[in-house]
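# Structure at a glance
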Amino acid sequence: MSFEFSAPPRSSGGGAEPSPAHKRALGLAELFQRALQQAPARVGRVKGNLLIFVPGVATWTIVTQGPGRGVYDSATDEDVHFAMSCADDLLVQLFVGATDLDLPAALASGHLKLEGDVMVFGRFVELITSAT
Amino acid sequence: MPTSRPSTDGVDPARAAANVSPRVIALALRKLGLAVARLEAVDAAAVPARVALASLMKGAAQ
């Protein structure tokens, strides 16, 4: 199993302190990787690969099938069955515990974009939560 | 439109959300996953990730 991941862009100030968006991205990437480190049979239940894009922050291709299983910090040539773009401010809203996610509004505004089989994402989230 | 909620104690919510625990991130993803799972499933063909990214970026200010 291979895991390729490099950090998303840091704050532009040139200092050592990562930006808040960078920290969020690192937290997400850590969870993605941890999920894929589970037993292959469990990972196989996802039944699909994913692309997750946080505009201006990070892009991940998450491969759950085949010899290339891993988290890649770019959009690769690997086939994906679900793709999502999620704005960083929507992540903030989720992370600080906003009571309700207004999904129709997020989709209408473009803060959230979904393509492909949403069930793949649902199964991947189940894998993540079972690993934490 | 989703926005960061205003803080009532002077703490920037975006910064507060930068230091959340893995468990909190997982719960947030679960919330998103449950919302997304309510959408109708589609039997879409798989496409290369770079193609999917280009599609997502259409119309987005980059």
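Anything mentioned here points back to the structure above.
Everything quoted here is computed from the prediction, not taken from an experiment.

What counts and what doesn't
- Residues numbered from 1 in each chain as written.
- Chains lettered and ligands numbered in written order.
- Predicted model: local features only at pLDDT ≥ 70, side-chain atom pairs only at ≥ 80, totals over all residues.
- Heavy atoms only, no water.
- Helix = DSSP H or I, 4+ residues; strand = E, 2+ residues; numbered from the N terminus.
- Buried < 20%, exposed > 50% of the residue type's maximum accessible area, 1.4 Å probe, protein only.
- Areas by Shrake-Rupley, 256 points an atom, 1.4 Å probe, with all protein chains shown as cover.
- Contact = heavy atoms within 4.5 Å.
- Buried area = accessible area lost by both parts, 1.4 Å probe.
- Salt bridge = Lys/Arg side-chain N within 4 Å of Asp/Glu carboxyl O.
- Polar contact = N/O pair within 3.5 Å; in protein donor to acceptor, adjacent residues only side chain to side chain.

## Re the overall build of chain B
- The helix and strand inventory of chain B stands at 3 helices and 1 strand.
- Seen in sequence order, chain B has helices and strands lined up from the N terminus as α-α-β-α.
- Looking at the 62 residues of chain B, the share that counts as buried comes to 27%.
- Counting only carbon and sulfur atoms, one obtains 56% of the accessible surface of chain B, whose full area is about 4000 Å².

## What about the interface of chain B and chain A?
- Residue-level contacts link 43 residues of chain B with 53 residues of chain A.
- Taken over both partners, the interface formed by chain B and chain A buries close to 4200 Å², and the fraction arising from carbon and sulfur atoms is 71%.
- Inspection of the chain B/chain A interface yields 1 salt bridge.
- If you look at where chain B meets chain A, you find 8 residue pairs in polar contact (both at pLDDT 80 or more).

## Observations concerning the side chain of Asp117 of chain A
- In this structure, Asp117 of chain A sits in the loop between β6 (112–116) and α5 (118–130).
- Separated by 2.9 Å, the side chain of Asp117 of chain A and the backbone nitrogen of Met119 of chain A make a polar contact.
- Excluding anything up to four places from it in sequence, Asp117 of chain A contacts His81, Phe82 and Arg123 of chain A together with Ala41 and Val42 of chain B.

## Thoughts on the pattern of salt bridges
Residues and elements named next belong to chain A.
- This structure, assessed with the given rule, holds 3 salt bridges over all chains.
- Between Asp88 and Arg24 there is a salt bridge, with the nearest N and O atoms lying 2.6 Å from each other. Residue Asp88 is found in helix α3 (residues 88–95), and its partner Arg24 is found in helix α1 (residues 20–36); the two are separated by 64 residues along the sequence.
- Residue Asp88 is classed as buried on the basis of its relative accessible area, which comes to 16%.
- According to the relative accessible area criterion, Arg24 is buried, its value standing at 4%.
- Residue Glu30 is joined to Arg34 by a salt bridge in which the shortest nitrogen-to-oxygen separation is 2.9 Å. Here Arg34 and Glu30 lie together in helix α1, a separation of 4 residues that amounts to about one turn.
- A residue is classified by how much of its surface remains accessible, and Glu30, at 40% relative accessible area, is partly exposed.
- Judged by its relative accessible area of 29%, Arg34 falls in the partly exposed class.

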